[in-house]
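Here is how the chains run, residue by residue.
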Amino acid sequence: MKLKMLNVFLHHDGVKLSIGRLAYKERVIYFEYDKSFLQSDIQISPYKLPLKPGVHICQERLFDGLFGVFADSLPDGWGRLLLDRHLMSKGMSFNEITPLDRLSYIGKYGVGALSYEPIYEELTLDEKSIVLDDLASSSLQILKGQSQDMLDTLLAIGGSSAGARPKAMIQINENNEIIHGVQTLQEGYEHYIVKFPSATDTQDIGKLEYIYSLMARDAKIQMPQTKLLIGKTNSYFAVKRFDRVKDKRVHIHSVAGLVHSDFRTPVLDYDDLLTLTLHITKDVAEVAKMFRLACFNLFAHNRDDHAKNFSFLLDGKNWKLSPAYDLTFSFGPGGEHSTTYMGEGKNPTIKQLQLLAKKHSIKESDAIINEVRSSVNNFQSYAKHVGILKNSYEKVYAQLEVQTDIIVDES
């Protein structure tokens with residue numbers, strides 16, 4: 001097998017920096033930093049790929065031999081399905097597709113601030129306005145294996161996205177006019193991601209995630225701006241991209257990629273996440289944000305709280321917790337939280353939150369718990385305002401109302 005190489009770049013503060021090179025030979029992936037980047041003191045992945053000269057080989061197979069920072073650039077679920085089907089349509093067999101093939105296809109259009117050259121292929125997009133209902137319908141048919149219609153379009157605008165549900169990168173203006181997102185930001189528009197229902201989702205999954213975004217914001221969770229986009233046949237949840245500031249790119253690193261944690265299995269505890277947050281950010285305020293998010297996921301019954309659903313952003317040379325994302329009602333593996341609370345995954349309560357807060361010296365933890373719980377307790381009013389199906393409402397409400405009472409400070 002011939003050696004295949006990719007050049008890796010970081011778009012940092014508006015400047016494109018050469019990071020180094022990836023190489024693939026005989027099923028092993030090699031990486032070496034550029035000498036110039038070694039002098040930058042910019043740690044793109046401080047734990048698993050620190051700034052050191054020489055050739056680096058990832059001994060773990062968790063990400064098919066890639067270091068987690070590069071694996072974060074790759075899609076999973078929906079995006080990977082689209083990408084692999086496209087590559088196979090070009091004559092490649094599934095077993096021949098390597099991680100570097102996928103990265104070279106992602107090129108400059110991945111999430112975060114990394115890009116890869118040479119680019120495997122540039123897709124051209126129809127400049128017609130985007131019709132969300134058409135994209136949603138085609139996505140569902142592709143998921144069911146019943147059609148390949150619009151595969152290239154969906155790949156171009158959603159092939160770099162992570163997560164299981166179909167997504168598209170779009171731009172939206174204040175009138176909710178929509179154009180495709182993989183282009184230079186147009187005047188009056190902002191970068192967004194819009195989600196479509198999967199084959200197993202209820203029709204109003206977009207409304208439910210929008211409700212959760214409102215609850216989270218009222219619970220003082222750091223949230224990006226969100227919208228509920230109304231089509232002719234359905235409504236769709238859209239969230240502003242926080243890995244973009246206008247067209248400036250921001251480096252993002254998931255917890256899964258940062259510490260090489262398998263997001264498919266429940267291996268993390270919120271104790272780990274709070275410890276990690278303090279270590280990487282060196283900021284107790286960021287730890288309190290992670291604790292608040294832990295409270296929300298417990299009270300709101302968001303049990304799909306795996307390691308890819310927590311991330312950090314690189315701000316200059318410092319790290320901070322990213323805004324929250326993928327917050328919605330969900331059952332985790334076996335009905336348990338993907339991330340446990342002080343060892344408890346099936347039925348965590350305020351008791352575990354208090355133990356977590358005590359261990360990490362969270363100031364005013366009872367007040368945080370009460371604020372979050374109070375917001376989630378208003379689910380009924382959010383649901384009435386947005387409007388969701390009766391079955392969806394009853395399913396969620398039945399889980400939320402079993403939580404324990406709000407803490408009364410008796411000190």
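Our subject in this report is the structure included herewith. (Residues numbered from 1 in each chain as written. Predicted model: local features only at pLDDT ≥ 70, side-chain atom pairs only at ≥ 80, totals over all residues. Heavy atoms only, no water.)

Examining the pairing of strand 8 (residues 189–195)
Now for step 1: Where burial is concerned, most of strand 8 is hidden: six out of the seven residues are buried.
Now for step 2: In terms of strand pairing, strand 6 (residues 167–173) meets strand 8 through seven bridges, oriented antiparallel. Residue Met169 lies in a different strand from strand 8, and its bridge partner there is Ile193.
Now for step 3: Strand direction decides the pairing type here: strand 8 and strand 10 (residues 235–240), joined by three bridges, are antiparallel. When the sheet's bridge partners are listed, Val194 is paired in strand 10 with Ala238. (Buried < 20%, exposed > 50% of the residue type's maximum accessible area, 1.4 Å probe, protein only. Helix = DSSP H or I, 4+ residues; strand = E, 2+ residues; numbered from the N terminus. Pairing = 2+ DSSP bridges.)

Side note on the packing of aromatic side chains
Now for step 1: Summed over all chains, the structure comprises 11 aromatic pairs.
Now for step 2: The interplanar angle of 85° and the centroid separation of 6.1 Å between the aromatic rings of Tyr212 and Phe296 together place this pair among those described as edge-to-face. Of the two residues, Tyr212 sits in helix 7 (residues 205–218) while Phe296 sits in helix 10 (residues 284–299), which places them 84 residues apart along the sequence. This pair shows no difference in class: Tyr212 is buried, exactly as Phe296 is.
Now for step 3: On the numbers, 5.3 Å between centres and 85° between planes, the contact of Phe329 with Phe331 is edge-to-face.
Now for step 4: Owing to a relative accessible area of 44%, Phe331 belongs among the partly exposed residues under this scheme.
Now for step 5: By the ring-pair criterion, three or more aromatic residues cluster together here, those being Phe31, Tyr33, Phe37 and Phe70.
Now for step 6: Across the ring face of Phe9, the terminal group of Lys16 is positioned such that the distance to the ring centre comes to 4.4 Å.
Now for step 7: One residue, Lys308, lies across the ring of Phe263, its end atom 5.0 Å from the ring centre. (Phe/Tyr/Trp six-rings, centres within 6.5 Å; stacked < 30°, edge-to-face > 60°. Lys NZ or Arg CZ within 6 Å of the ring centre and 35° of its normal.)

Considerations on the sheet that holds strand 15 (residues 311–315)
Now for step 1: The three strands are arranged 13-15-16 in an open sheet whose pairing can be described as antiparallel. For this open sheet the edge positions go to strand 13 (252–254) and strand 16 (318–321), each flanked by a neighbour on one side alone. Each strand of the sheet is rotated relative to its neighbour by a mean of 30°, with strand direction disregarded.
Now for step 2: Pairing geometry for strand 15 and strand 16, over four bridges, is antiparallel. If you follow Leu313 over to strand 16, its bridge partner there is Lys320. (Axes fitted to C-alpha atoms, helices over the stretch in contact; angles between N-to-C directions.)

Some remarks on the packing of helix 3 (residues 78–89) against helix 4 (residues 99–106)
Now for step 1: The N-to-C vectors of helix 3 and helix 4 enclose an angle of 100°; their axes lie 11 Å apart at closest approach. It follows from the interaxial angle that helix 3 and helix 4 lie roughly perpendicular. On helix 4, the residues touching Arg80, Leu83, Asp84, His86 and Leu87 of helix 3 are Arg102, Tyr105 and Ile106.
Now for step 2: Of the residues contributing to the contact of helix 3 with helix 4, the split by class is four nonpolar, one polar and three charged. (Parallel < 35°, antiparallel > 145°, perpendicular 65-115°, else oblique. Contact = heavy atoms within 4.5 Å. Nonpolar A, V, L, I, M, F, W, Y, C, P; charged D, E, K, R; others polar.)

Considerations on the pattern of salt bridges
Now for step 1: Overall, the coordinates contain 20 salt bridges when judged by the stated rule.
Now for step 2: Salt-bridge contacts for Arg244 lead to Asp243; the nearest nitrogen and oxygen are separated by 3.2 Å.
Now for step 3: Among the residues examined, Arg244 registers a relative accessible area of 11% and is labelled buried.
Now for step 4: A salt bridge links Asp262 to Arg264, with the shortest nitrogen-to-oxygen separation between them at 3.6 Å. (Salt bridge = Lys/Arg side-chain N within 4 Å of Asp/Glu carboxyl O.)

A few points about helix 7
Now for step 1: With 14 residues, helix 7 should reach 20 Å at 1.5 Å per residue; the first-to-last C-alpha distance of 20 Å fits that figure.
Now for step 2: When you tally the buried positions in helix 7, you get 11 out of 14 residues, the bulk of the element.
Now for step 3: Turning to helix 7, its buried residues are Ile205, Gly206, Leu208, Glu209, Tyr210, Ile211, Tyr212, Ser213, Leu214, Met215 and Ala216.
Now for step 4: Following helix 7 by one or two positions, Lys220 adopts a phi angle in the positive range, close to 70°. (Expected span 1.5 Å × (residues − 1).)

Some thoughts on unusual backbone geometry
Now for step 1: With an omega of 5°, the peptide bond between Glu117 and Pro118 qualifies as cis.
Now for step 2: Here Pro118 shows up in the loop between strand 5 (114–117) and helix 5 (132–143).
Now for step 3: In this structure, Asn176 is a non-glycine residue whose phi angle is positive, near 60°.
Now for step 4: For Asn176, the position within the fold is in the loop between strand 6 and strand 7 (178–180).
Now for step 5: Since its relative accessible area comes to 35%, Asn176 is described here as partly exposed.
Now for step 6: One non-glycine residue, Asp326, adopts positive backbone phi at about 55°.
Now for step 7: With respect to the element layout, Asp326 can be found in the loop between strand 16 and strand 17 (339–340).

It is worth stressing that arrangement in space is one thing and function is another; only the former is reported here.
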